[in-house]
Amino acid sequence: MPEGTELSVINPHGEPERTGPDGQAWPLLDTVRPWDTLNPDEQRLFARMAEVFAGYISYNDDRLGKVLDYLETRARSTTP
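Here we summarise the structure given alongside this text. All values reported here derive from a predicted model rather than from experimental measurement.

1. Concerning the overall build of the protein
So, step 1. Along the backbone of the protein there are 1 helix and 0 strands.
So, step 2. Here the protein holds 80 residues, and the buried ones make up 2% of them.
So, step 3. Accessible surface computed for the protein: about 7,300 Å², of which carbon and sulfur atoms make up 59%.

Here it is as structure tokens:
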């Protein structure tokens, strides 16, 4: 990242001064914590979740590309 880039704050659900819709504190599982504060089991879990999400996005990107290719081919073949 460029020098001087200002990072956004951590998800506001993890900020102590923020509360849920009814004024209650956010449950621990709904907070976002810095990576280096997670224990090794949590880091493995969240790394795996990121891998699964990346696979999901990659698969859907491929499928969408096939749909768009099909539509372009159809549009070219019906153009007089």
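2. Here's the deal with helix H1 (residues 40–78)
So, step 1. The end-to-end C-alpha distance of H1 is 57 Å, a good match for the 57 Å that 39 residues give at a rise of 1.5 Å each.
So, step 2. Structurally, the start of H1 carries an N-cap: the backbone nitrogen of Asp41 is 2.9 Å from a side-chain oxygen of Asn39.

3. Some points on the pattern of salt bridges
So, step 1. Across all of its chains, the model carries 4 salt bridges by this definition.
So, step 2. Of the charged contacts in the structure, one is a salt bridge between Arg48 and Glu51, with a shortest N-O distance of 3.2 Å. Placement of the pair is Arg48 and Glu51 together in helix H1, with a separation of 3 residues, close to one helical turn.
So, step 3. Given the relative accessible area of 48%, Glu51 is considered partly exposed.

How each quantity is defined
- Residues numbered from 1 in each chain as written.
- Predicted model: local features only at pLDDT ≥ 70, side-chain atom pairs only at ≥ 80, totals over all residues.
- Heavy atoms only, no water.
- Helix = DSSP H or I, 4+ residues; strand = E, 2+ residues; numbered from the N terminus.
- Buried < 20%, exposed > 50% of the residue type's maximum accessible area, 1.4 Å probe, protein only.
- Areas by Shrake-Rupley, 256 points an atom, 1.4 Å probe, with all protein chains shown as cover.
- Expected span 1.5 Å × (residues − 1).
- Polar contact = N/O pair within 3.5 Å; in protein donor to acceptor, adjacent residues only side chain to side chain.
- Salt bridge = Lys/Arg side-chain N within 4 Å of Asp/Glu carboxyl O.

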